[in-house]
Amino acid sequence: MFRFFSHSKRRDGYEKVEYQYDASVRVFKPRELIVATEKFSPGRVLGEGGRVYKGVLKDGQEVAVKRFEEQADLWAEVQMLNSVEHPNIVKMIGYCDKEKDHIIVYEFMPLRSLDLHLHDLKPGKTPLYWKTRMKIAMGVAKALEYLHDQKDPPIIYSGLKRSSILLDENYDPKLSDLGCAEHGPTLNHTAANRKFSLCYLGPEYPMTGSLSLKSDVYSFGVVLLELISGKKAINGYNNVVYGLTERDWILLLGVKADRDEAEFRYDLNNIRVFESRELIVATDNFNPRRVLGEGSLGRVYKGILKDGQEVAVKRFDRQENLCTEVKILSCLEHSNLVKMIGYCDKGKDHMIVYEFVPLRSLSLYLHGKVSLFSPFHGS
């Protein structure tokens, strides 16, 4: 483990910092890395504003070589990387800290960052398959779980974004840029201010100046959204996460399914097919008083089936929207996902019948329409 010993300034202006370090971490000489990167050739640049280069060591090992402007930034990342070990966190091979050279050497990730595989794909490049996207999400989640639950004190990663997720040759993800990480459970603005630019920070950060473990969970949600939708979450240089409409989610998920039918199958054998007349009766002829809400794809009504079962009935404007949602819901099953009971697709009638959720949507309770402590039951 690294431990700080002393900190002083030399006559030539360079800071002298002494650390005790794990002997398994290799200490490189500047010359070794100059040769490995062909004098830090522009042709070897991997990303991050020209600071990360591909290198080949004397023994033929491929590595990633990152140059830091500040010595403090180098040691912040060296200490953090030396304190963690997980298959989904990039491994540090060694470092160099000589005069003006502040460099870390990492394992080489052949497929580079997730960013290159999600957006602005080159012509002819195949988008990531659905299974691969979920594999990446699972790996990132495991890394965050390790940092939060298996380290004491817990570590706030705080730098999660698509470009900080690196991929090996099997599309297994690894978190990089641990220089942004800090020991939690909270991180104040003073510590964080200089480090964050286009990370996916939660909305509480501008207001409170603090980050927490929950901030990482928020960031993970944004990455997951990008993996599922294929849309960018950041607008230029503004830390703004685009809101996806209900229509976006359904259509985008449907597109991903069509790209890989072998991995995303759906089965309608156990889904009930309703007649139009059944749902007209159940909703009292789609009585306006039965309206539960209205989304971008259609209006939702409360219905009561012939056997007395309460349901939610959604009418779609277009058949394609119905089909896309039916395909998705038929292949998903989870206690926190609304259950589809059946559908109706006859002539102009395009409807899905869902389980009835008595307290309706969260928005009713968040924005003052209904008190969280009221006896409202959504009837």
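For the structure itself, consult the block above.
Keep in mind it's a predicted model, so treat the numbers as computed, not measured. (Residues numbered from 1 in each chain as written. Predicted model: local features only at pLDDT ≥ 70, side-chain atom pairs only at ≥ 80, totals over all residues. Heavy atoms only, no water.)

Asks: Even after reading the chapter, I still don't get the sheet that holds strand E19 (residues 298–304), so can you show me in this structure?
Replies: Sheet strands pair by backbone hydrogen bonding; their relative direction is either parallel or antiparallel. The sheet built from six strands is open, its strands ordered E17-E21-E22-E20-E19-E18 with mixed pairing. The open sheet has two edge strands with one neighbour each: strand E17 (272–273) and strand E18 (291–295). Where strand E20 (residues 310–316) lies against strand E22 (residues 349–355), five bridges are found, and the strand directions are antiparallel. Residue pairing in the sheet places Arg-315 in a bridge with Met-351 of E22. (Pairing = 2+ DSSP bridges. Helix = DSSP H or I, 4+ residues; strand = E, 2+ residues; numbered from the N terminus.)

Asks: Teacher, can you tell me more about the sheet that holds strand E7 (residues 92–98) here?
Replies: As summarised here, the arrangement of the six strands in space is E3-E7-E8-E6-E5-E4, forming an open sheet in which the pairing is mixed. The open sheet has two edge strands, strand E3 (26–27) and strand E4 (45–47), and neither has a second partner. Sheet topology places strand E6 (residues 62–67) next to strand E8 (residues 101–107); five bridges connect them, and they run antiparallel. Considered in E8, the bridge of Val-63 is made with Glu-107. Docked against the sheet, helix H2 (residues 71–82) engages E6, E7 and E8, running at close to 155 degrees with respect to E7. (Contact = heavy atoms within 4.5 Å. Axes fitted to C-alpha atoms, helices over the stretch in contact; angles between N-to-C directions.)

Asks: Whenever I open this one, the pattern of salt bridges confuses me. Can you help?
Replies: Between side chains of opposite charge, a pair can form as their charged atoms come close. Enumeration according to the criterion identifies 13 salt bridges in this entry. Its salt-bridge partner being Glu-107, residue Lys-174 comes within 3.1 Å of it at the nearest N-O pair. A residue pair is termed long-range when its members are at least 10 positions apart, and Lys-174 in strand E11 (residues 173–175) and Glu-107 in strand E8 qualify at 67 residues. Residue classification places Lys-174 among the buried residues on the basis of a relative accessible area of 14%. By relative accessible area, Glu-107 is classed as buried at 18%. Between Arg-162 and Asp-115 there is a salt bridge; the shortest N-O distance is 2.5 Å. Taken together, the residues span a long stretch of sequence, with Arg-162 in the loop between strand E9 (155–156) and strand E10 (165–167) and Asp-115 in helix H3 (residues 115–118) at a distance of 47 residues. Taken together, the salt bridges that share partners define one network made up of Lys-66, Glu-77 and Asp-177. (Salt bridge = Lys/Arg side-chain N within 4 Å of Asp/Glu carboxyl O. Buried < 20%, exposed > 50% of the residue type's maximum accessible area, 1.4 Å probe, protein only.)

Asks: Just checking my understanding: could you explain helix H10 (residues 319–330) for this structure?
Replies: The terminal C-alpha atoms of H10, which comprises 12 residues, lie 16 Å apart, in line with the 16 Å expected from a rise of 1.5 Å per residue. Most of H10 is tucked away, with nine of its 12 residues classed as buried. (Expected span 1.5 Å × (residues − 1).)

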